[in-house]
Amino acid sequence: MKHIVYMSRAVRPMTDPDLQELLDQSRHDNVRQGITGILFYSHGNIAQLFEGPAEQVDPLFDRICRDGRHSHVRKLVDAPIEARSFPSWSMAFHPLEPSGFAALEGFLLPHQLPPLPSSLTIADALLVQLVQLAVFGPDPTQPFQHRHADPPGALDA
Amino acid sequence: MPAPHFEQLLRRLQAGVATLEGPELRYGFVNEQMQALVGTNAEGRTLAEQPGLLPAALLEVLPKVFAAGTPYAARACACGSAADSPNVRHFDLVVDPYDGEAGQPAGLLLLAVDVSEQEAARQRAHELALTTRQLDARLRVLTETAPLFTYTMSPQGEVTYVSPQWYRFTGQPDTADLTAIWPLLVHPDDRLRVLFESETARRTGTGWNYEYRLRRYDGQYRWMLSRALPEVHPPDQPVAWHGALTEVHLQRELSEARRRGEAELRFLADSIPELVWTTSAEGLVEYYNHYTKSYSGLTTEELGPTGWVGLLYPEEQAAAARRWVQSVASGEDFEGEYRLRRADGVYRWHTIRARRLNDGSGPRWFGAASDVEEQHRLRQVLQTQYDELARAHHNLDTFVYAASHDLRQPTHNLRGLFEELRRSVRFTDPEQALMLRMVDTALTHLDSTLADLTATVQTQRQQQEPVEILDLALGLEEILLGLRPQIVHQGASVQIDVQEAPGLLYSRANFRSVVHNLVSNALKFAHPLRPPQVLLRNYLTDDGQPVLEVRDNGLGMRIDDPHNPAFRLFARQHTQVEGTGVGLYLVQRIVTSQGGHIEVDSTPGIGTTFRVFWAAPLGMRE
Ligand SMILES: Cc1cc2nc3c(=O)[nH]c(=O)nc-3n(C[C@H](O)[C@H](O)[C@H](O)COP(=O)(O)O)c2cc1C
């Protein structure tokens with residue numbers, strides 16, 4: 001078992017359908033390949049942690065690196081782990097149109113992220129928190145770029 | 001006339017054929033194609049009657065051709081209504097005179113080949129050439145005015161073109177032998193590299209991209225970026241390399257400076273025996289200095305972007321991680337004392353500091369951890385010593401207290417025995433009477449010294465007494481009750497005024513000691529000619545500080561130093577008035593230990609006023 005953490009930049013801002021497609025596709029593939037983890041997206045900033053058997057994780061990272069939807073992929077950690085820390089595959093982002101996402105499996109609002117499990121070392125947990133901070137900014141309850149586009153409270157609906 | 005089967009052929013021919021017979025040029029044979037030009041009903045009519053779509057110029061020429069008997073040809077003649085209309089067609093026209101049987105001119109054979117397609121193509125080619133010429137001109141303007149120089153190099157390395165900017169920049173004349181001169185203008189340190197790279201690229205048929213210093217007209221070398229791509233027409237070898245040169249001097253100097261700065265920083269960081277690291281704006285470590293690696297015994301990869309936290313004492317990691325996330329989110333400095341694990345497993349205390357700085361390429365965090373193990377140990381030793389001292393001090397207090405307390409009983413006994421002795425034994429010698437008085441005084445003195453000692457130790461303890469909100473009216477009444485015998489005896493009147501500040505946050509025992517001492521002093525130093533009057537007033541200063549004023553109409557005293565009256569007072573009192581030193585000393589100690597102070601006003605023969613400022617002024621409190 002191993003995990004990889006990276007950060008990257010979307011080539012152009014991803015729309016809700018873009019993200020939904022990515023979520024659906026990854027969910028489907030990850031279940032089959034025994035990959036779990038989490039992806040953060042906000043305003044073009046991407047960070048992802050994924051874990052699984054090395055023989056699945058490494059090729060997936062190669063595919064992700066080649067994916068034309070993002071660039072500047074910066075690998076932060078690539079290390080063996082004792083056990084999984086994420087029970088499934090999920091994504092966290094601020095959708096522009098939240099109603100469609102509420103029912104979607106594997107989708108989370110950034111401030112609804114569950115606390116990090118203690119199976120992560122403190123160094124790894126710190127890393128996840130820092131990339132989360134880098135993607136969502138200091139206040140994950142607020143999407144820091146599309147704030148004006150959303151009527152207040154729309155995210156809670 | 002052509003034979004019938006020929007006629008069939010001629011009619012179908014993909015060219016117009018007609019005969020014009022006789023000097024009047026009357027249409028004889030007209031095939032299908034020609035009918036399109038002159039009409040279906042032309043046969044038998046004269047040219048003048050039926051010109052059809054034939055161009056006017058031809059109509060004029062035809063009679064002359066007939067007369068002269070020489071052939072005539074015209075290329076791409078526009079035939080149609082208006083020469084520029086879209087349905088105009090173009091024909092190559094050939095006119096051949098033919099003779100009759102007698103050799104006399106008999107008529108003209110007219111041949112028209114439709115060349116509209118070719119003509120249109122030619123037109124297009126012409127237009128294209130025009131636009132190309134325009135584009136070329138525009139390209140020329142662009143290449144010759146843009147801030148980059150363009151050039152072309154042959155596969156053999158000959159420079160066949162450079163744009164005029166190059167001449168302006170280098171100051172070379174138009175006549176310069178480019179191929180020979182350009183390598184000489186490249187900085188000697190860059191020359192071989194550049195020649196090698198360009199040659200390699202030409203040999204392998206690839207482009208190039210390199211930087212070098214080029215000599216400017218004023219002799220200064222400026223950094224240039226040179227990029228070129230081969231012009232290829234597969235399957236042939238490239239025919240030329242076209243490239244551009246851009247001046248990148250400033251960028252290059254800047255990044256050079258930054259690189260140098262970075263290198264210097266690293267050199268410094270690598271030479272100091274402290275743990276140093278830098279992180280990206282996101283708080284992810286990008287660089288650990290050598291010392292960090294040798295201290296921890298880990299590589300940069302093993303440490304990773306957040307690995308430093310793993311070096312901390314396990315119980316302290318989570319808090320340090322939280323603190324770091326908070327610093328990164330807010331930009332606040334990170335600072336704390338932590339134990340860091342050395343490669344051999346020993347933890348040593350460090351002060352860790354990190355600060356966000358902007359070095360021109362965006363914010364970065366700079367962190368350092370200094371070993372404070374020695375200071376830490378020293379502090380621990382000091383703390384232990386301090387604790388021991390405090391304990392010894394306490395023990396001493398207890399001993400003094402116990403001893404003074406225990407000694408009072410024998411003193412009492414001694415005094416009792418002494419009284420008894422005086423009563424039962426007759427002393428006749430006046431010397432003896434004096435000695436008796438002296439023994440009496442000494443005993444009294446011993447007793448009061450013991451009492452004072454006990455009280456001193458007690459106050460020392462009381463400094464740690466709990467504080468509470470005291471009801472001053474009640475508290476003062478209680479104290480006065482204790483002094484009642486003296487008050488009654490001296491006919492004193494004591495007034496209490498605590499309306500302005502009825503409460504006080506203080507230890508009850510300390511409050512008692514202070515007030516008791518001051519009031520009994522006021523009674524003790526009463527004026528012999530008038531009964532004592534004492535006013536006790538608790539009030540607040542302008543800045544809210546509570547003060548107790550104890551004013552009497554007693555003997556009063558002289559105060560030499562108005563700036564530091566309290567201190568002077570005690571010093572003098574100690575020497576002048578026996579038995580009172582300890583009392584005021586106690587008051588002073590109690591009040592200052594609580595952060596307050598005492599002021600005194602006194603006029604000899606009129607009276608004395610003590611003011612007890614219970615606590616430190618608001619601004620100075622911790
Ligand atoms: C930000 C990002 C995250 C991705 N995460 C995953 C993932 O977790 N699992 C996955 O199978 N594909 C993921 N993909 C998609 C892969 O890059 C790739 O498109 C997919 O594996 C299909 O690869 P293929 O088209 O080469 O078969 C991600 C793509 C992007 C841009």
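Residues numbered from 1 in each chain as written. Chains lettered and ligands numbered in written order. Predicted model: local features only at pLDDT ≥ 70, side-chain atom pairs only at ≥ 80, totals over all residues. Heavy atoms only, no water.

As recorded in an unreviewed UniProt entry, chain B goes by the name histidine kinase, listed as coming from Hymenobacter duratus. Its UniProt record gives chain B the following Catalytic activity (unreviewed entry) comment, quoted word for word: "ATP + protein L-histidine = ADP + protein N-phospho-L-histidine." (UniProt positions renumbered as here; feature names shortened; annotations may be inferred.)

Named according to an unreviewed UniProt entry, chain A is BLUF domain-containing protein originating from Hymenobacter duratus.

Turning our attention to the environment of A42 of chain B. Residue and element names in this part refer to chain B. Looking at the element boundaries, A42 is found in the loop between α2 (32-38) and α3 (56-68). With a relative accessible area of 1%, A42 lands in the buried category. Taking C-alpha positions, A42 is 7.5 Å from V30, a pair spaced 12 residues apart along the chain. (Helix = DSSP H or I, 4+ residues; strand = E, 2+ residues; numbered from the N terminus. Buried < 20%, exposed > 50% of the residue type's maximum accessible area, 1.4 Å probe, protein only.)

All names here are of chain A. Mapped onto the secondary structure, E51 falls in strand β3 (residues 45-52). Look at E51: it is buried, it has no salt bridge, and the nearest opposite charge is R84 at 4.7 Å. Polar contacts involving the side chain of E51 include one to the main-chain amide nitrogen of S85, which spans 3.0 Å. Of note is the side chain of E51, whose polar atom sits 2.7 Å from the backbone nitrogen of F86. Sequence-distant contacts of E51, defined by excluding residues within four places in its chain, comprise K2, H3, G34, I35, T36, V57, I81, R84, S85 and F86. (Lys, Arg positive; Asp, Glu negative; His and termini not counted. Salt bridge = Lys/Arg side-chain N within 4 Å of Asp/Glu carboxyl O. Polar contact = N/O pair within 3.5 Å; in protein donor to acceptor, adjacent residues only side chain to side chain. Contact = heavy atoms within 4.5 Å.)

In a packed pair of helices, the relevant descriptors are the angle between the two axes and the axis-to-axis distance. Residue and element names in this part refer to chain B. Axis separation between helix α6 (residues 178-185) and helix α7 (residues 188-204) bottoms out at 8 Å; the angle between their running directions is 135°. With respect to α7, the axis of α6 lies oblique. For the pair formed by α6 and α7, the contact residues are W182, P183 and L184 on the first element and R191, V194 and L195 on the second. Taken together, the residues of the contact of α6 with α7 break down into 5 nonpolar, no polar and 1 charged. (Axes fitted to C-alpha atoms, helices over the stretch in contact; angles between N-to-C directions. Parallel < 35°, antiparallel > 145°, perpendicular 65-115°, else oblique. Nonpolar A, V, L, I, M, F, W, Y, C, P; charged D, E, K, R; others polar.)

Our focus in this paragraph is the sheet that holds strand β15 (residues 363-371) of chain B. Backbone hydrogen bonds are what pair the strands of a sheet, in a parallel or an antiparallel way. Residue and element names in this part refer to chain B. An order of β12-β11-β15-β14-β13 is seen for the 5 strands of this open sheet, with the pairing classed as antiparallel. A strand with exactly one partner marks an edge of an open sheet, and here the two such strands are β12 (285-288) and β13 (334-341). For this sheet, the mean angle separating the axes of adjacent strands, direction not counted, is 25°. Strand direction decides the pairing type here: strand β11 (residues 275-279) and β12, joined by 3 bridges, are antiparallel. Its bridge partner being in β12, W277 is matched across the sheet by Y288. Each of β11, β13, β14 (347-358) and β15 is contacted by helix α11 (residues 314-330), which is oriented at about 150° to β13, the strand it contacts most. (Pairing = 2+ DSSP bridges.)

Okay, the interface of chain A and chain B next. Where interface size is quoted, it is often the accessible area lost as the parts come together. Across the boundary between the two partners, chain A contributes 15 residues, which contact 17 residues of chain B. Looking at the side of chain A facing chain B, the largest losses of area belong to I122, L126 and L130 of chain A, adding up to 44% of the total buried there. Between chain A and chain B we count 1 salt bridge in total. Here E282 of chain B ties to R74 of chain A by a salt bridge, and the two come within 3.1 Å at their closest N and O atoms. Between chain A and chain B we count 2 residue pairs in polar contact (both at pLDDT 80 or more) in total. Sorting the residues of the side of chain A that touches chain B by element identifies β4 (70-80) and α4 (122-136) of chain A as the ones contributing at least two each. The dominant element in the side of chain A that touches chain B, judged by the number of residues it contributes, is α4 of chain A, at 10 residues. (Buried area = accessible area lost by both parts, 1.4 Å probe.)

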